[in-house]
Each structure stands twice: as C-alpha cells, then as structure tokens.
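Observations on chain architecture
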Amino acid sequence: METMEQKYAKLGEILKSMEQIVVAFSGGVDSAFLLKAALEFMGPDQVLAITADSETYPVREKEEAIALAKELGAQHVVIHTSELDIPGYAENPTNRCYFCKNSLFDHLIPIAKERGYNHVVFGAIADDLGEHRPGLQAAHEQGVRAPLLEAGITKAEIRHMSRQAGLRTWDKPSFACLSSRIPYGEAITAQKLSMIDQAEDFLIQLGFRQVRVRQHDNLARIEVPASDLAQVLAVAETVHAKLKEIGYAYVTMDLKGYRSGSLNEVLSPEQQAVHAETAR
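What counts and what doesn't
Residues numbered from 1 in each chain as written. Predicted model: local features only at pLDDT ≥ 70, side-chain atom pairs only at ≥ 80, totals over all residues. Heavy atoms only, no water. Axes fitted to C-alpha atoms, helices over the stretch in contact; angles between N-to-C directions. Helix = DSSP H or I, 4+ residues; strand = E, 2+ residues; numbered from the N terminus. Parallel < 35°, antiparallel > 145°, perpendicular 65-115°, else oblique. Left-handed = near helix turned anticlockwise from the far one by under 90°. Contact = heavy atoms within 4.5 Å. Nonpolar A, V, L, I, M, F, W, Y, C, P; charged D, E, K, R; others polar. Pairing = 2+ DSSP bridges. Core = buried A, V, L, I, M, F, W, Y, C linked by side-chain atoms within 4.5 Å. Buried < 20%, exposed > 50% of the residue type's maximum accessible area, 1.4 Å probe, protein only. Salt bridge = Lys/Arg side-chain N within 4 Å of Asp/Glu carboxyl O.

The chain goes by TIGR00268 family protein in an unreviewed UniProt entry, where it is assigned to Paenibacillus rigui.

In structure tokens, the structure reads:
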C-alpha cells in the first residue's frame, strides 16, 4: 500500500507531465489542495485557476475562492456561467451533475486552448469512484484530467496534507452546489436556489459550519451533524422565523443529521449501480 508521501510524489509527477494546466477551482478542500500542489510542482506561470460563478454557487464561496487564490499566489480568473440555461438541467434528472460539469468544461477548454494551456484538471478524488458521480463521465468524455484521483489520494489524506501544508481549507466543511438541495425530478429555479442560499447563509452566520437546507417544495429540511441538533433546537424559534421570512411554509430538522448526498438515498440500487459504473 502506498504511503501519503508516495502518493504526493506521484501527484507531482502527474502534474509535471502535463506542463501547463487550467485548474477548475471552486475553493473547496480538494480543488484548493490541487491548486497548491500544482503551484508547487509546476510553478505559478504554468497554472491558471478558473472559478465559475453561477446561480448555484453561493457568493460567500466565490469570495473565499478569490481570497484563497490570492493567498496562494495563483493566476485566477472568475467567469460567469448559468446552469439554468443548460438544456435538461433545470428538469433536475438524476444525472444533473453530468450537465453541469459538461457545461463547465465546455467553458474551460476553449479558455485553456486560447491561452496556451495543455490540459484542464479538476478536483475529483479516489473516494469518488463507486459513488453517484455523473460529473466523472463528463470529464472522461471531454478529456479533462483528475490528478488527485489518478494519484489515488483520498479525502482524509487531502485534509491531513492540507493541514501539514498550512492550507486553511484543511477542515473546511464539504460543499456541493445549491442544486443538490433539491430532490431529483423537482424543477430547479433561480428562486429556489436563492432561498436555499439565504437559509444556509443564515445558519452559517449563527455558527453552524456544516449545514444543508434541503428544499422539498415549500418545506425546508435542515441537516446539521447529529452533534449540532441540540444547538439548532436551542434557536429553533429564530431559525423558524427567518426561514419563514425567506419564503418557506414549513421548517423541519432531519433527525439523522447531515450526510453527504442524502437525496441520493431515494435512488434505486439499480440506478446507483449504473451511475457508479458510469463514473468509472
């Protein structure tokens, strides 16, 4: 079994072999680590970070990505995209992420070619294999590389090495686009995305770091880690009043607590298997 040091060295070889790259940079744990590694192994002149700003991307995340890229000394560009303009996306099928990533790469690849960069890379990791990750299919079809995945690096290893490297994202809560809060088959609209963003931002301001507000029509289902359930109940009236103000008719809490991709739980085993095989 390879050690973290061996995997990191392998990552370096993969990156250096690509010579010049565009990094799809969200500012999350994985893309931040990938960007820092690319800068270290390749040098800042060979790396361009690009952040896509859209309806599904909270303003707080964009601002953090901009600040982080500056801290790392990376060349950084913010482009504007709209997932809601992608045919088929707003209908919210189970492979919604395929449409999103495909569109993202449609934007990044021409920029890379125009500016003379050889490859586009993104922050998929070893943990993503075998999960419901239609975005991996889009990357495979478009020739977009995933160096962290290729090096076999896991989320736990990324957090550990990020902490060693002094990256402040080492313990950043996991994040997924706002559309992931809406059950498959329910239409995605700008209004729903705005409501979710406002609700989550409010909870974050209250001090809850890992939070999801899943929207079921006019009902908000709050997910926080099980250890935080009591704290949310302690401010239940405040939370209820604010989310009603935002536009929710009902506000509930998920007693099982936060877990990544909870809306995938409604997929049949057959659907899960198909998407896992596609991701590979």
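1. Looking at the packing of helix α8 (residues 190-205) against helix α10 (residues 236-246)
At a closest axis distance of 10 Å, the pairing of α8 and α10 adopts a crossing angle of 155°. By the angle between their directions, the pair α8 and α10 is classed as roughly antiparallel. Judged by the twist between their axes, the crossing of α8 over α10 is right-handed. In contact with Met195, Gln198, Ala199, Phe202 and Leu203 of α8, α10 contributes Thr238, Val239, Lys242, Leu243 and Ile246. Of the residues contributing to the contact of α8 with α10, the split by class is seven nonpolar, two polar and one charged.

2. A word on the sheet that holds strand β3 (residues 75-80)
Sheets are built from strands that pair by backbone hydrogen bonding, the pairs being arranged parallel or antiparallel. Read from one edge of the open sheet, four strands run β3-β2-β1-β4, paired in parallel fashion. Each of the sheet's edge strands pairs with one partner strand only, and the pair in question is β3 and β4 (119-121). Direction aside, neighbouring strands of the sheet carry axes that sit 25° apart on average. Two strands pair when backbone bridges link them, and strand β2 (residues 47-53) and β3 are joined in this way by six bridges, in the parallel orientation. Residue pairing for β3: Ala52 is matched across the bridge by Ile79. Relative to the sheet, helix α3 (residues 59-72) contacts β2 and β3, its axis offset from that of β3 by approximately 160°.

3. Here's the deal with the nonpolar core
Of all hydrophobic cores here, the largest spans 32 residues; its most connected members are Leu11, Leu15 and Ile21. By residue number, the principal contributor to this core is helix α2 (residues 29-42), which donates nine residues. Setting aside residues up to four positions removed in sequence, Ile21 forms contacts with Leu15, Ala38, Met42, Gln46, Val47, Leu48, Tyr117, His119 and Val121. Among the nonpolar cores identified, the runner-up in size contains 25 residues, and Leu193, Leu203, Ile222 and Ile246 belong to it.

4. Here's the deal with the pattern of salt bridges
Tallied over the full model, the rule gives 20 salt bridges. The partner of Arg214 in a salt bridge is Glu223, and the shortest N-O contact between them spans 3.2 Å. Comparing Arg214 with Glu223, the two get one shared label, buried. As a salt-bridge pair, Lys242 and Glu245 come within 3.3 Å of each other at their nearest N and O atoms. On the criterion of helical spacing, the pair formed by Lys242 and Glu245 is a turn pair, its members being three residues apart in helix α10.

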